[in-house]
Every structure is written in structure tokens, then in C-alpha cells.
Amino acid sequence: MIEIKNNLEIIQSKIVKACERSGRNPAELEIIAVTKTIDIESIDYALDCGINSIGENKVQEIMDKYPKIQKPVKWHLIGHLQTNKVKYIIDKVDLIHSLDSISLAEEINKRAAKLSLIKDVLIQVNVAEEESKFGIGYDEVDSFIEQLQGFDNIRVRGFMTIAPYFEDPEQVRPYFRRLKQKFDEYQKKELKGNDIEFLSMGMTNDYEVAAEEGANLLRIGTGIFGARNYNV
Ligand SMILES: *Cc1c(COP(=O)(O)O)cnc(C)c1O
């Protein structure tokens, strides 16, 4: 357990240093603790250490954990979301990071309307155009956002990307920089009914580069909790 606290302190100081290098205010960045496969006790401990947001990539895992986490926390769905599972999490998650199709937007909009909610979403962008990754292409972002304008129960809050994995995180910098440009462009546009505020990028391997390049939601799992055990 104490390791979680130590890990968080190390990560926080690295974020502060990354902010110093890039002239940013560390208070503008939030760590989302990625809790997939992690037990409730460890999650509770991370919340005691000052974590306010947790990220899960599977709907089933959110369903299992949701009633067991009593402390106040924001839930982030960071993994791919299937249309037929929207109904299970629509009233549980605070931010969906993985909007990547109009059919998914239709379903989120419909379910949110039923509950009189306005759902906050990020558009997942596959900046590096990797075959293996979800997300819309960078060049599709403008037309995608245009198509979302009719959905009154969805509020676009920004963008998310999962960078390609490189041994040397320096190599992901161009992808992060590109998405930051799109983010800046849309922050200036002030689209009606939307409120562009979040740029979700950076994981254990590359969060320092992401922090330097303007991310404000960092999704960190292994760096906090250690290697995941997929057999649990
Ligand atoms: C698992 C996961 C993370 C965290 O990955 P780590 O390398 O453990 O920090 C971040 N984002 C997404 C979408 C994930 O699925």
C-alpha cells in the first residue's frame, strides 16, 4: 500500500517538473488513476492519497466496482464503449473518453435524454492512424463534431488519444502536439452547447511528455499501482 503513496508522490513531482519545463501551472493537470484489475482496497487507498478521479476501460468492471467505492470520486470510462452497453454506465460515469462513432453518440444521446442528463464526452482521436486502435482519424474531427451538433444531450468537452507505444516516449511528442493544436482550435471556437476544456493524453510511459505538450487529464495505471495482474 505504501508503494501507492510513494508512486503518487514520484509522479506528482515529475508532473511539476514537466510543468516547469513547459511553463504550465501544475494545478491545471489532473491524474486519473487507472484502476482496471485493481482491488477495491488499493483504490480506496489511492483516494485517501488525494486521487479524485478513476478510470476504467471495461463496462463490466465499472458495474462491479461502482457500488463498492463509497468515497466521492469521478468515474471515467477510458476504454472502447459498445453501443449496447451504454445503458449500464450512462448514470455512473462522469466523463466518457471514447466517443468514436455517430451511432455511439446517438445511443448516448438517447439514453441521456431518457434520464434528463447531459452527458460529457471526449472524442477519441487515433492521431497516429494505427490499425489496432479505436478512435476517429485526425482529419475526420471537424466533420464528426459538426455531426454531433444536433445531439442536445451530449456535451463535447475535448479530446482523448492513446499514443503508439515507443520505448522512447520522446517519439510520441508529435502526436500529442498535433492533438493539442486541434484542442486549441476548438477552445477558441466556443461551440454552442459544448465546453472544450479537457485534453486526455499520457499514460505511465509517456505522461511527462503529455504534460509538457498540454494534456490536462493524465491516465496513469501501472505507474501508481504497479504491474497489473490479469488473472484476478
Ligand atoms: C490501461 C490504460 C491506461 C493506463 O495505462 P498504464 O500504462 O498502466 O498507465 C490509460 N489509458 C487507457 C485507455 C488504458 O486502457
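The model shown is predicted, which means the values in this text are computed figures rather than measured ones.

Colleague: What's the story with helix α7 (residues 173-189) in this structure? I'm lost.
Modeller: Every α-helix winds through 3.6 residues per turn, so residues three or four apart in the chain are directed the same way. Its 17 residues give α7 an end-to-end C-alpha distance of 25 Å, which sits within 8% of 24 Å, the value for a rise of 1.5 Å per residue. Taken together, the buried positions of α7 are Arg173, Phe176, Leu179, Lys182, Phe183 and Tyr186. In this fold, the buried residues of α7 make contact with α6 (141-148), β6 (154-160), β7 (198-200) and α8 (207-212). Glutamate 190 lies just past α7 and shows a positive phi near 45°.

Colleague: What is the right way to read the packing of α6 against α7 from this model?
Modeller: Think of two packed helices as two axes; the pair is described by the angle between the axes and how far apart they sit. Contact geometry for α6 and α7: axes closest at 12 Å, N-to-C directions at 40°. For α6 against α7, the interelement crossing comes out right-handed. For the pair formed by α6 and α7, the contact residues are Val141, Asp142 and Ile145 on the first element and Lys182, Glu185 and Tyr186 on the second. Grouping the amino acids of the contact of α6 with α7 by side-chain chemistry returns 3 nonpolar, no polar and 3 charged.

Colleague: What is the right way to look at the layout of surface pockets in this model?
Modeller: In this approach the atoms are scanned with a rolling probe the size of a water molecule, which exposes any empty space left behind. The volume enclosed by the largest pocket comes to roughly 510 Å³. Residue composition of the lining of the largest pocket, by class: 10 nonpolar, 9 polar and 5 charged.

Reading the values: rules and limits
- Residues numbered from 1 in each chain as written.
- Predicted model: local features only at pLDDT ≥ 70, side-chain atom pairs only at ≥ 80, totals over all residues.
- Heavy atoms only, no water.
- Helix = DSSP H or I, 4+ residues; strand = E, 2+ residues; numbered from the N terminus.
- Expected span 1.5 Å × (residues − 1).
- Buried < 20%, exposed > 50% of the residue type's maximum accessible area, 1.4 Å probe, protein only.
- Contact = heavy atoms within 4.5 Å.
- Axes fitted to C-alpha atoms, helices over the stretch in contact; angles between N-to-C directions.
- Left-handed = near helix turned anticlockwise from the far one by under 90°.
- Nonpolar A, V, L, I, M, F, W, Y, C, P; charged D, E, K, R; others polar.
- 1 Å grid on protein atoms, 1.4 Å probe; cavity = no way out; pocket = protein on both sides within 12 Å on 5 of 7 lines; lining within 4 Å.
- Points joined across faces, edges and corners; volume = space filled by probe spheres on them.

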